[in-house]
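Structural characterization, general
What follows is each chain in one-letter form.
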There are 2 protein chains.
Amino acid sequence: MDGALRFVSPAGWTEKKPCPEDVRSYLHKAVDFISDYYKSVESLPVLPDVKPGYLQRELQAAPPASSASFDVAMKELRAAVVPGMTHWASPNFFAFFPSTNSAAAIAGDLIASAMNTVGFTWQANPAATEMEVLALDWLALLQRLPASFMNRTAAGRGTGGGVILGTTSEAMLGVSGLPRLAVYAADQTHSTFFKACRLAGFDPANIRSIPTGAETDYALDPAKLLEIMRADVDAVLVPTYICATVGTTSSNAVDPVGAIADVAAVFNAWVHVDAAYAGSACICPEFRHHLAGGERVDSISMSPHKWLMTCLDCTCLWVRDTHRLTGSLETNPEYLKNDASESGTVTDLKDMQVGVGRRFRGLKLWMVMRTYGAAKLQEHIRSDVAMAKMFEDNVRSDDRFEVVVPRNFALVCFRIKPRHGMTEEVADEANRELMERLNRTGKAYLAHTVVGGKFVLRFAVGSSLQEERHVRSAWELIKKTTAEIMEEIVVE
Amino acid sequence: MDGALRFVSPAGWTEKKPCPEDVRSYLHKAVDFISDYYKSVESLPVLPDVKPGYLQRELQAAPPASSASFDVAMKELRAAVVPGMTHWASPNFFAFFPSTNSAAAIAGDLIASAMNTVGFTWQANPAATEMEVLALDWLALLQRLPASFMNRTAAGRGTGGGVILGTTSEAMLGVSGLPRLAVYAADQTHSTFFKACRLAGFDPANIRSIPTGAETDYALDPAKLLEIMRADVDAVLVPTYICATVGTTSSNAVDPVGAIADVAAVFNAWVHVDAAYAGSACICPEFRHHLAGGERVDSISMSPHKWLMTCLDCTCLWVRDTHRLTGSLETNPEYLKNDASESGTVTDLKDMQVGVGRRFRGLKLWMVMRTYGAAKLQEHIRSDVAMAKMFEDNVRSDDRFEVVVPRNFALVCFRIKPRHGMTEEVADEANRELMERLNRTGKAYLAHTVVGGKFVLRFAVGSSLQEERHVRSAWELIKKTTAEIMEEIVVE
């Protein structure tokens, strides 16, 4: 494409370096694009109709030899990339957990990209390091986490603290790197936990995936956990690490944090709470009870990029004793040594993560809290939950459907119910067909899960541009598509 | 601060959601800030004069209850955050490796933040997945990597391919997760290698840090490697993994890739090449020889955020046989299953990384190559190298100094030479004093390393706004400060 443009010199290139005027003009073009994109994304098919390898046919196979106007990249973005996107920003996106965003977060992330600072030690960027510490303390306050997880408390600097990472798996890896031997989680726990444990060198034979069932709404049963840990002790293993999930990805099950902490205490095992998604809801008093017992756990992680109006990537990890983390992750090469680090008065965030390099992620998180404040953030959570409840009520009022597990947050797990002698197999097939037809319309995108052996549709509310009317339209589409499928089943 | 503003409603908040007009207005404010920042950053102290805990005194200790105008966050950013920043964007930044940037990269990153897409599977975002594949192939072509590392070659789809990660440690962790037992690297290898190996569960006793010395310019000696690997075999260990570095962080030493691959072949060990920094230079034919032998290694990583005009974070990992990586990193939870993945015709990038979530990092990398083209990117590398050479010539022409190791790229390792009976201890002290005084001026920021037991200053050229005049000024400042220090030493 645009071979003719390949020899046009980019505007504003002064000598060998791009100049600030370049930055301004490129960014204005990007802002115009974003503004148009947000206005039009609702009308684009949320799941694109493209075949594997499509982009290769649209774009040049090799990098251009010469420079081009930035307009060329923008034109190809519009013409070739956008039509192949799955639009996570679409208000018709109900799959997985929607990625959450806001104007303040995007602006904060933009400034971080432009400053392009690498705050691996305090000296390498005092402001970025301290802003990350501050943002984590603010968020801990919003969630009313125990003071033991905070960098600064009313009583001064404690042993607690945290770090902002890219993904939950990094949080798990950092923590799971600490102890050895047997580790535990419910079978509903995110797959990334089991991957992190394997990567951290745990013997796969000692990684326990504890079965859950409908009787606990797919949450971890502390009695079962205790029993399995005792059996391991009898087999001369050392139970060392338990991951409890508040809001599983599959169905939003909530493991009982306090009861798990009590079991862990018997064995002196480390308890990590993965609240990647539902942690955001805990800024509202009415959801805070899901973290009850948090004062007895060792670490907690949650991802504001999942539900707190902050764009990717932003995962917060707090630990009660930062020394247990830095003890395992600290490095001290000569070229990073400096007086501030050696004084012991500063946190070097590289020692709380796997890598050394790091973006200035604290800025966007701080900007979100600074701009929207607790009240607006709570309103955002409650609005999503209210829309999900409306959808749930619709499902419950239509006897063709069932809600498979109780709704805890803004995810509704539902399915077409087997009726009139329909077998479970046919019901599974009908539900899969429903999902696929919905997704093919381009008017909605839903993902599925399997709960208790049944194929279940996941309706996740919370895409940042979503309003009640989008949820209503999706429900109408679901009813209509279900009627068509039922008709066909009867005919067959 | 600004308590009075806490109850102002943010402009443009429609009902419960931020609207596109909000995004436009916030981003315009951010762009204005960035533009001003780039124009003024040269005059700001590159290393700030702040004490630990400073930011806490400047900003509110708790998150605001209510929302505020975005201007409040921007005002606090200017007033409290900027004065505490280490300015990596300053043209007077010569520490570590400078972070590299460009207008196209920032714009691409901004669009990625706004689209906020999570392309963990092909279906979850075909365009983002395919653009990442394309950008990696483009970059492989620019570096003339062997075709075996490419997703698509003239002959069709091969077994090679790659993934864009956040940092080099993620690349090392992914790869080191594959094999077990004894692992090897030169003592100059980045500390993150040893950390990744520990996290990957290697027995610390079997992680070999092979001593290097001046006789190989601190590069790994293949004969020594062979000897140590043979001794391990005699001790019934299995040598499985070698990390060769092209351009070490400490002094830019280059391990001989081909000779190391030959040694590895004897033991059938995996060879990873870490070219985080110097890989960018290999887009120029005159530097490509540093990767000679690359066709015999198993994996290569390099970070465009280090030297290819792409903002953080962006690390590229290529492997010759993607199945060996996905075999260890694949997960397949029910909620991520889809027809495209099951068809086997697509790459799901989640299976080539530790986590599941991922930013649309391919976009900025593609935009950089699409806009600047091979010629401008090569010009950028050559311009940095020319400035470093000019600095090196200056150092060599002044007999108070010595260049400690030969310059390979844009990093000059130099020191005040001990003369007139000055002991090595005094020389080390003088060099440390030189660095600290330079850094205190706010007019330059240099880091140090220790090479061959000596304290050495690292002068790293390449900050994106840097021009020849900044290098000249830094040299004048170094000469003047050295003269002062020498004077004092004589007086004492």
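- By the naming in an unreviewed UniProt entry, chain A is Aromatic-L-amino-acid decarboxylase, taken from Panicum virgatum.
- Per its UniProt entry, chain A bears the Cofactor (unreviewed entry) comment "pyridoxal 5'-phosphate".
- Database annotation for chain A, UniProt heading Sequence similarities (unreviewed entry): "Belongs to the group II decarboxylase family."

**As for the overall build of chain A**
- Helix and strand content of chain A: 15 helices and 15 strands.
- The C-alpha atoms of chain A give 25 Å as radius of gyration, which agrees with the globular expectation for 492 residues (23 Å, within 12%).
- C-alpha atoms of chain A, sized along the principal axes, occupy 75 × 60 × 45 Å.
- The buried share of chain A, taken over its 492 residues, is 68%.
- Here chain A displays about 15,700 Å² of accessible surface, and carbon together with sulfur accounts for 53% of that area.
- Counting 50 positive and 58 negative side-chain charges, chain A places the centres of these two groups 2 Å from one another.

**Observations concerning the sheet that holds strand S15 (residues 454-460) of chain A**
Residue and element names in this part refer to chain A.
- Taken together, four strands build an open sheet; the order of strands is S12-S13-S15-S14 and the sheet is antiparallel. The open sheet has two edge strands with one neighbour each: strand S12 (401-403) and strand S14 (447-451). Between one strand and the next, the sheet's axes are offset by a mean angle of 40°, whatever the strand orientation.
- In this structure, strand S13 (residues 411-416) lies alongside S15, joined through four bridges in antiparallel fashion.

**Considerations on the sheet that holds strand S5 (residues 161-165) of chain B**
All names here are of chain B.
- Pairing in this open sheet of seven strands is mixed, and the strands run S5-S11-S10-S9-S8-S6-S7 from one edge to the other. Every interior strand has two partners, whereas the edge strands, S5 and strand S7 (207-210), have only one. The average angle at which neighbouring strand axes cross in this sheet is 15°, direction not considered.
- Judged from the five bridges that link them, strand S8 (residues 239-245) and strand S9 (residues 270-274) form a sheet pairing that is parallel. When the sheet's bridge partners are listed, Tyr241 is paired in S9 with Trp270.

**Considerations on the nonpolar core**
- Membership of the largest hydrophobic core comes to 286 residues, with the highest contact counts inside it found for Phe459(A) and Phe459(B).
- Those residues in contact with Phe459(A) that sit more than four places away from it in its chain are Phe94(A), Phe391(A), Ala410(A), Leu411(A), Val412(A), Phe414(A), Leu446(A), Val471(A), Ala474(A) and Ile478(A).

**Some points on the packing of helix H1 (residues 20-40) of chain A against helix H4 (residues 103-115) of chain B**
- For the pair H1(A) and H4(B), interaxial distance at closest approach is 9 Å and the crossing angle is 20°. Considering the angle they form, H1(A) stands roughly parallel to H4(B). In this structure, H1(A) meets H4(B) at a crossing whose hand is right-handed. Residues Asp22(A), Val23(A), Tyr26(A), Leu27(A), Ala30(A), Val31(A), Phe33(A), Ile34(A), Tyr37(A) and Tyr38(A) of H1(A) pack against Ala103(B), Ala104(B), Ile106(B), Ala107(B), Leu110(B), Ile111(B), Ala114(B) and Met115(B) of H4(B).
- Taken together, the residues of the contact of H1(A) with H4(B) sort by class into 17 nonpolar, no polar and one charged.

**Some points on the relation of the copies chain A and chain B**
- Least-squares fitting of chain A to chain B yields an RMSD of 0.0 Å, with the superposition described by an axial translation of 0.0 Å and a rotation of 180°. Between the two chains, the operation in question is that of a two-fold axis. Minimal C-alpha distance to the rotation axis in chain A is attained by Gly201(A), lying at 2.0 Å.
- Taken as a fraction of all interface residues of chain A, those also at the interface in chain B reach 100%, which identifies the copy contact as same-surface.

**Side note on helix H8 (residues 222-234) of chain A**
Residue and element names in this part refer to chain A.
- Here H8 is 13 residues long and its end C-alpha atoms lie 18 Å apart, about the 18 Å a rise of 1.5 Å per residue gives.
- Those residues of H8 that sit buried are Pro222, Leu225, Met229 and Asp232. The buried residues of H8 occupy an angular sector of 80° when the element is viewed end-on, so they sit on one face. Projecting away from the buried face of H8 at angles above 90 degrees are the exposed residues Ala223, Glu227 and Asp234.
- Close packing links the buried residues of H8 with strand S6 (182-186), strand S7 (207-210), strand S8 (239-245) and helix H9 (257-267).
- Among the residues of H8, the N-terminal cap falls to Asp221, whose side-chain oxygen and the backbone nitrogen of Ala223 are separated by 2.9 Å.
- Note on H8: the residue one or two positions beyond its end, Val236, has a positive phi of about 60°.

**Things to note about the domain arrangement of chain A**
Residues and elements named next belong to chain A.
- By domain assignment, chain A separates into domain 1 (3-84), domain 2 (105-372) and domain 3 (374-491).
- Inter-centroid distance (C-alpha atoms) of domain 1 to domain 3 is 36 Å.
- Counting residues at the interface gives seven residues for domain 1 and eight residues for domain 3.
- When domain 1 packs against domain 3, the two sides together hide about 540 Å² of surface, and 67% of this comes from carbon and sulfur.
- Ranking the residues of domain 1 by area buried against domain 3 places Glu42, Val46 and Leu47 at the top, with a combined share of 78%.
- At the surface where domain 1 touches domain 3, the tally comes to one salt bridge.
- Put simply, Glu42 and Arg469 hold a salt bridge, and the shortest N to O gap is 2.7 Å.

**Looking at the interface of chain A and chain B**
- Facing the 157 residues of chain A at the interface are 158 residues of chain B.
- Linking chain A with chain B are ten salt bridges.
- In this structure, Lys39(B) and Glu21(A) form a salt bridge, with 3.9 Å as the shortest nitrogen-oxygen distance.
- Counting across the interface, chain A meets chain B through 58 residue pairs in polar contact (both at pLDDT 80 or more).
- Counted by class, the side of chain A that touches chain B contains 82 nonpolar, 42 polar and 33 charged residues.

**As for the environment of Met367(A)**
- Its place among the elements puts Met367(A) in helix H13 (residues 361-396).
- When the C-alpha positions of Met367(A) and Asp109(A) are compared, they lie 9.5 Å apart, and in sequence the two are 258 residues distant.
- The residues touching Met367(A), leaving out its near neighbours within four places in the chain, are Ala104(A), Gly108(A), Ile111(A), Phe70(B), Ala73(B), Met74(B) and Leu77(B).

**Some details on the pairing of strand S11 (residues 315-319) of chain B**
Residue and element names in this part refer to chain B.
- With five of five residues buried, S11 is to be regarded as a mostly interior element.
- Neither face of S11 is exposed, since Thr315, Leu317 and Val319 on one face and Cys316 and Trp318 on the opposite face are all buried.
- Bridge analysis of S5 against S11 gives five bridges, and the strand direction is antiparallel. Across the sheet, the residue bridging to Gly162 is Trp318, located in S11.

**Details of the packing of helix H4 (residues 103-115) of chain A against H4(B)**
- In the contact formed by H4(A) and H4(B), the axes pass within 9 Å of each other and the chain directions differ by 155°. Taken as axis vectors, H4(A) and H4(B) run roughly antiparallel relative to one another. The two elements H4(A) and H4(B) cross, and the hand of that crossing is right-handed. Contacts between H4(A) and H4(B) involve Ile106(A), Asp109(A), Leu110(A), Ser113(A) and Ala114(A) from the first element and Ile106(B), Asp109(B), Leu110(B), Ser113(B) and Ala114(B) from the second.
- Looking at the contact of H4(A) with H4(B), its residues break down into six nonpolar, two polar and two charged.

Conventions and cut-offs
Residues numbered from 1 in each chain as written. Chains lettered and ligands numbered in written order. Predicted model: local features only at pLDDT ≥ 70, side-chain atom pairs only at ≥ 80, totals over all residues. Heavy atoms only, no water. UniProt positions renumbered as here; feature names shortened; annotations may be inferred. Helix = DSSP H or I, 4+ residues; strand = E, 2+ residues; numbered from the N terminus. Rg over C-alpha atoms; globule rule 2.2 N^0.38 Å. Buried < 20%, exposed > 50% of the residue type's maximum accessible area, 1.4 Å probe, protein only. Areas by Shrake-Rupley, 256 points an atom, 1.4 Å probe, with all protein chains shown as cover. Lys, Arg positive; Asp, Glu negative; His and termini not counted. Charge placed at Lys NZ, Arg CZ, Asp CG, Glu CD. Pairing = 2+ DSSP bridges. Axes fitted to C-alpha atoms, helices over the stretch in contact; angles between N-to-C directions. Core = buried A, V, L, I, M, F, W, Y, C linked by side-chain atoms within 4.5 Å. Contact = heavy atoms within 4.5 Å. Parallel < 35°, antiparallel > 145°, perpendicular 65-115°, else oblique. Left-handed = near helix turned anticlockwise from the far one by under 90°. Nonpolar A, V, L, I, M, F, W, Y, C, P; charged D, E, K, R; others polar. Least-squares fit on C-alpha atoms with pLDDT ≥ 70 in both. Expected span 1.5 Å × (residues − 1). Arc of directions from axis to C-beta. Polar contact = N/O pair within 3.5 Å; in protein donor to acceptor, adjacent residues only side chain to side chain. Domains from an automatic or database assignment. Buried area = accessible area lost by both parts, 1.4 Å probe. Salt bridge = Lys/Arg side-chain N within 4 Å of Asp/Glu carboxyl O.

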